[in-house]
Amino acid sequence: MMADIQDILQKYWGHSAFRPVQEEIIHSVLDGKDTLALLPTGGGKSICFQVPALALPGICIVITPLIALMQDQVAQLNRRGIPATALFSGLRKRQIDILLDNCIYGNTKFLYVSPERLKTDLFIERAKQMNISLLVIDEAHCISQWGHDFRPPYLEIAEFRALIPSVPCIALTASANEEVKQEIQEKLQFKNAAVFQKSFSRANLSYSVLYESDKDKKLCSMLQRVPGSSIVYVRNRRRTQEISDMLSKAGISSTFYHAGLPGEVRSARQKDWIEGKIDCIVATNAFGMGIDKPDVRFVIHHDIPKSLESYYQETGRAGRDGGEGHCLAYYSYKDVEKLEKFMSGKPVAEQEIGFALLQEVVAYAETSMSRRRFLLHYFGEEFDDVSGEGAD
C-alpha cells in the first residue's frame, strides 16, 4: 500500500504543505510518468523525488555528478532517519559488496551513484537483483552538450534504463533553456513525459553588469563597504589564490577553492565558509553545486561566465534565505577575447556550441533591457513586471 505523501512530508520534513509545483511533480512520478522538473536553486528539488520514493516500495537510485553532492544528501536523509547510502570511488571491494547487499536485502531506500558507476559489471549485476522503484537523474543538464556542465557519461544512462524498462525516471535541474530541455528528454529516452517548470524569477535578487578597468580595486572596495557572505567566481585556479590574498590584505576574511586542492583542504574551507568563519570564498566553477548556505549576500563573477545557464545557476546561490542577494558580473572585451581564443583550440563542434553560448552572455552584458527580463526570456519565460524590478 502506498504511503500518503502529506504524511511523509510532515513526518520527515516537518512541513504541512508542499511548495508550488512540488505536489504536481510528485503525483506525476507516482503515476509512473517520466518527469522533467525545472526548479530554481533553492526551489526544493530533492523533495520532488525523495517523497515519492518513500511512498513507493523498493529502492530509489539517484545519479548525481559529484561526491560532495552525494555525501551531503545522504547525510541529510540519515539525519531524518531515512536509510540512504552512496557508492563512490575510494571504497574497498568488501565495502562495496556490503553496501550493495544492503540495497538488495536490507532496508536502504536511497542509493546515490555517479553516472560512471552504471557501466561497471558489478553494479549492473547487483542492480538486476534490486527492487528499483525510481531512477533519479540529478543535475540533468549535464547530459546536454548545450549545457554548461556537459558530462559524457550522462549520455550512457539510457543504456542502464534499458535494463529496468518499467521503472519511471525523474530528471531535475535548476537551469535549462528549450534546447537543453529537449535534449534531456531525448537522451534519457523519455516515454509518456511530463515537464514541470517553476518560475525562474527570484524577486529578492538583483542583477548587475559592471564595465571596470580595475576589477580588483572595485571588488575590494565593494566587499569592504557591504558586509556579509560572498562568492567570487574566477576562471582559473591561479587567480583564485591571487584574488583571495589581495582581499585578505585588504582586511576581508577570505579563502580560495578549486578542484586542484586536496579533498580534505576543499572540505575544510567549504565548512569554514558555510559556518561563517570565512566571509568570502574565491573559487572556480568547481565550487557551489549542492551547497546549501542560506545567507549568501553577494555572488560576483570576476570573469565573464561561459554561458547564461552557468551564470544563472551560480547566481542562484545568493539570497536563499529570502533576504537580498546581489549578483554582479564584471565585463570587458578582453575577457571575451580570452574566451574566444581558448575555444578556438577546441574541436569544431565544441567551438560552435561554445561561441553560440558566449554570444548569449555578451548580449546579456550589453542589453539595454532589464537583465531579469533578459534571463527569463532566455529560459522561455516572460517577465510581466513593467518596472523591471531587480535590474541594474
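Because the structure is a prediction, the values reported are computed rather than measured.

Asker: Hey, could you run me through the overall build of the protein chain in this one?
Answerer: Broken down by element type, the protein chain carries 15 helices and 13 strands. Taking 392 residues into account, the globule formula puts the C-alpha radius of gyration at 21 Å, and the protein chain, at 21 Å, falls close to it. Reported as C-alpha extents along the three principal axes, the dimensions of the protein chain are approximately 60 × 50 × 45 Å. If you take every contact in the protein chain between residues at least 6 apart in sequence, the share linking residues at least 24 apart comes to 75%. Surface accessibility of the protein chain: about 17600 Å² in total, with carbon and sulfur atoms responsible for 50%. Measuring between centres, the 46 positive side-chain charges of the protein chain sit 6 Å from its 50 negative side-chain charges.

Asker: Sorry, what's going on with the sheet that holds strand β12 (residues 296–301) here?
Answerer: Two pairing modes exist for strands in a sheet, parallel and antiparallel, and in both the strands are linked by backbone hydrogen bonds. Taken together, the 6 strands give an open sheet; going across it, the order is β8-β13-β12-β9-β11-β10, and neighbouring strands pair in parallel fashion. Every other strand in the sheet has two partners, leaving β8 (205–210) and β10 (254–257) as the edge strands with one partner each. If you compare each strand with its neighbour and ignore which way they point, the axes differ by 15° on average. Where β12 lies against strand β13 (residues 325–330), 4 bridges are found, and the strand directions are parallel.

Asker: I tried to follow unusual backbone geometry on my own but got confused; where do I start?
Answerer: Peptide bonds are, in most cases, trans, and in most cases residues other than glycine have a negative phi. Phi is positive for E139, which is not a glycine, with a value near 50°. Secondary-structure assignment places E139 in the loop between β5 (132–137) and α7 (157–161). Even without being a glycine, Q189 presents a positive backbone phi close to 55°. Checked against the element boundaries, Q189 lands in the loop between α8 (178–187) and β7 (194–197).

Asker: Teacher, can you tell me more about the pattern of salt bridges here?
Answerer: Charged atoms that come close allow side chains of opposite charge to pair. Under the defined criterion, the tally for this structure stands at 18 salt bridges. Among the salt bridges present, the one from E242 reaches R238, with a minimum N-O distance of 2.9 Å. Remark: R238 and E242 occur in helix α10 (residues 237–249); sequence separation between them is 4 residues, near one turn of the helix. Of the charged contacts, one joins D321 and R297 as a salt bridge, the two residues approaching to 2.8 Å between their closest N and O atoms. With D321 in the loop between α12 (308–315) and β13 and R297 in strand β12, this residue pair connects regions lying 24 residues apart in the sequence. For D321, a relative accessible area of 40% translates into the label partly exposed. A single salt-bridge network, built from bridges that share partners, covers K93, D97, D101 and R126.

Asker: Looking at this model, I keep getting lost on the state of the cysteines. Mind explaining?
Answerer: Simply put, the disulfide is a covalent bond whose two ends are the sulfur atoms of two cysteines. Enumeration according to the criterion identifies 0 disulfides in this entry. Take C48: it sits in no disulfide, and the sulfur closest to it among the cysteines is that of C60, at 12 Å. You can call C48 buried: its relative accessible area is 0%. Free cysteine C142: the closest other cysteine sulfur is in C169, separated by 14 Å.

About the criteria used
Residues numbered from 1 in each chain as written. Predicted model: local features only at pLDDT ≥ 70, side-chain atom pairs only at ≥ 80, totals over all residues. Heavy atoms only, no water. Helix = DSSP H or I, 4+ residues; strand = E, 2+ residues; numbered from the N terminus. Rg over C-alpha atoms; globule rule 2.2 N^0.38 Å. Contact = heavy atoms within 4.5 Å. Areas by Shrake-Rupley, 256 points an atom, 1.4 Å probe, with all protein chains shown as cover. Lys, Arg positive; Asp, Glu negative; His and termini not counted. Charge placed at Lys NZ, Arg CZ, Asp CG, Glu CD. Pairing = 2+ DSSP bridges. Axes fitted to C-alpha atoms, helices over the stretch in contact; angles between N-to-C directions. Salt bridge = Lys/Arg side-chain N within 4 Å of Asp/Glu carboxyl O. Buried < 20%, exposed > 50% of the residue type's maximum accessible area, 1.4 Å probe, protein only. Disulfide = S-S within 2.5 Å.

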